[in-house]
Amino acid sequence: MEEALATIEQLAPVRALKASFYAYPLVNALHIVAIGALWTSVALMDLRVLGAFRSLPSASFLAALRPVALAAFAAALASGVALFSVRAGHYAGMGIFLVKMGLILAAGINLFVFDRLSRRSASNGLLSLSAAVSLILWTAVLVCGRFIGFL
Amino acid sequence: MIAGISRSLALAAMLSASLALPALAHHGWGWTEDGFFELTGTITAIYYGNPHPTLDVEANGETWRVDLAPPRASQNAGFMEDTAKVGDEVTVLGNRSRDSAERHMKAVRITVGGKAYDVYPNRAPAN
């Protein structure tokens with residue numbers, strides 16, 4: 001594992017990013033834009049499921065925001081992998097980083113469960129519970145991510 | 001339902017706060033003591049790159065993590081990637097963590113090979 005992480009750190013594009021003046025802050029900016037868009041789109045969907053914005057039809061509201069959230073997640077993942085790569089071994093050893101990865105996994109499982117529940121036309125109570133869990137998990141992911149830079 | 005939303009948001013806020021409270025910020029200087037601290041030891045590891053270079057310094061059998069200025073600022077101070085090597089004796093002047101159990105400091109001036117590098121020149125004391 002440590003060898004694999006050290007290998008990542010030695011890749012030519014990773015070394016370039018590590019030493020760059022412009023690229024690293026720009027990748028950092030992309031990560032911020034992506035997580036902002038992700039959190040906002042997820043929060044709006046969760047709030048809709050929880051009963052907010054009732055004047056907007058739920059199905060089309062969610063259908064409009066889901067691609068935004070997925071695209072934002074893809075951008076957050078790509079920029080996050082790049083930021084991670086410059087000190088892969090260092091970040092992989094940080095508890096807060098591992099907690100963040102665990103929370104993202106939990107949020108993914110919650111999304112899967114929500115999808116299954118909504119296909120089976122499950123009760124609003126269960127869907128609302130999943131939406132509340134989503135809001136809490138993604139907020140916690142954001143906070144953990146921010147603390148990686150402060151520990 | 002609005003009450004449900006408020007409850008969820010309150011929970012999220014509480015979770016965020018509980019995560020935030022025990023953490024000390026290592027960006028900026030808020031997490032460090034006000035007065036200067038000097039560390040002399042041997043460099044055991046060097047990281048030179050974004051987001052900021054770090055040195056691991058062994059002193060009295062303990063390993064300290066020393067945060068430097070970002071790469072461009074360190075270069076402007078004359079502290080380059082090859083200025084210091086593992087095994088070099090180094091003296092670091094800067095500010096240590098307010099958490100006295102934590103072997104972690106942020107450098108203002110690094111002295112290695114008889115030469116001083118002010119990586120935060122506006123904070124460094126006059127000679």
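Just so we're clear, the structure is a prediction, and the values are computed from it rather than from any experiment.

On a plain count of helices and strands, chain B comes out with 2 helices and 6 strands. Listed by position from the N terminus, the elements making up chain B come as α-β-β-β-α-β-β-β. Looking at chain B residue by residue over its 127 residues, the buried ones come to 43%. Relative to all contacts within chain B whose residues are 6 or more apart in sequence, the contacts with residues 24 or more apart total 55%. Only carbon and sulfur atoms are counted for the fraction: they give 54% of the accessible area of chain B, which is about 6,500 Å².

Attention shifts here to unusual backbone geometry. Backbone torsion omega between asparagine 50 of chain B and proline 51 of chain B reads -5°, so that peptide bond is classified as cis. With a phi close to 50°, phenylalanine 53 of chain A is a non-glycine residue in the positive phi region. Examined against the element boundaries, phenylalanine 53 of chain A turns out to sit in the loop between α3 (23-49) and α4 (58-85). Take phenylalanine 53 of chain A: its relative accessible area is 34%, and that puts it in the partly exposed class. A positive phi angle, near 50°, is found at asparagine 60 of chain B, a position not held by glycine. For asparagine 60 of chain B, a relative accessible area of 79% translates into the label exposed.

Moving on, we get to the pairing of strand β6 (residues 115-118) of chain B. Residues and elements named next belong to chain B. Relative to β6, strand β5 (residues 104-112) runs antiparallel, the two being bridged by 4 bridges. Note that in β6 the partner of arginine 109 across the bridge is aspartate 118. With antiparallel pairing between neighbouring strands as the criterion, β5 and β6 make up a hairpin whose turn holds 2 residues, including glycine 113 at a positive phi of roughly 60°.

All names here are of chain A. Where α3 meets helix α7 (residues 124-148), the axes come as close as 9 Å, and the angle between the chain directions of the two elements is 160°. With respect to α7, the element α3 is oriented roughly antiparallel. When the axes of α3 and α7 are compared, the crossing they make is left-handed. Touching Ile35, Leu38, Trp39, Val42, Ala43, Asp46, Leu47 and Val49 of α3 are Leu127, Ser128, Ala131, Ser134, Leu135, Trp138, Thr139 and Leu142, all from α7. Of the residues in the contact of α3 with α7, the class split is 12 nonpolar, 3 polar and 1 charged.

Within a regular beta strand, the side chains point alternately toward one face of the sheet and then the other, so they alternate between its two faces. Residues and elements named next belong to chain B. For strand β4 (residues 89-96), the buried fraction is high: 6 of the 8 residues fall into the buried class. Sheet topology places strand β1 (residues 37-47) next to β4; 6 bridges connect them, and they run antiparallel. Following the sheet pairing, threonine 40 is matched in β4 by threonine 91. In the sheet, β4 pairs with β5 via 7 bridges, with the strands oriented antiparallel. Note that in β5 the partner of leucine 93 across the bridge is arginine 109.

How each quantity is defined
- Residues numbered from 1 in each chain as written.
- Chains lettered and ligands numbered in written order.
- Predicted model: local features only at pLDDT ≥ 70, side-chain atom pairs only at ≥ 80, totals over all residues.
- Heavy atoms only, no water.
- Helix = DSSP H or I, 4+ residues; strand = E, 2+ residues; numbered from the N terminus.
- Buried < 20%, exposed > 50% of the residue type's maximum accessible area, 1.4 Å probe, protein only.
- Contact = heavy atoms within 4.5 Å.
- Areas by Shrake-Rupley, 256 points an atom, 1.4 Å probe, with all protein chains shown as cover.
- Pairing = 2+ DSSP bridges.
- Axes fitted to C-alpha atoms, helices over the stretch in contact; angles between N-to-C directions.
- Parallel < 35°, antiparallel > 145°, perpendicular 65-115°, else oblique.
- Left-handed = near helix turned anticlockwise from the far one by under 90°.
- Nonpolar A, V, L, I, M, F, W, Y, C, P; charged D, E, K, R; others polar.

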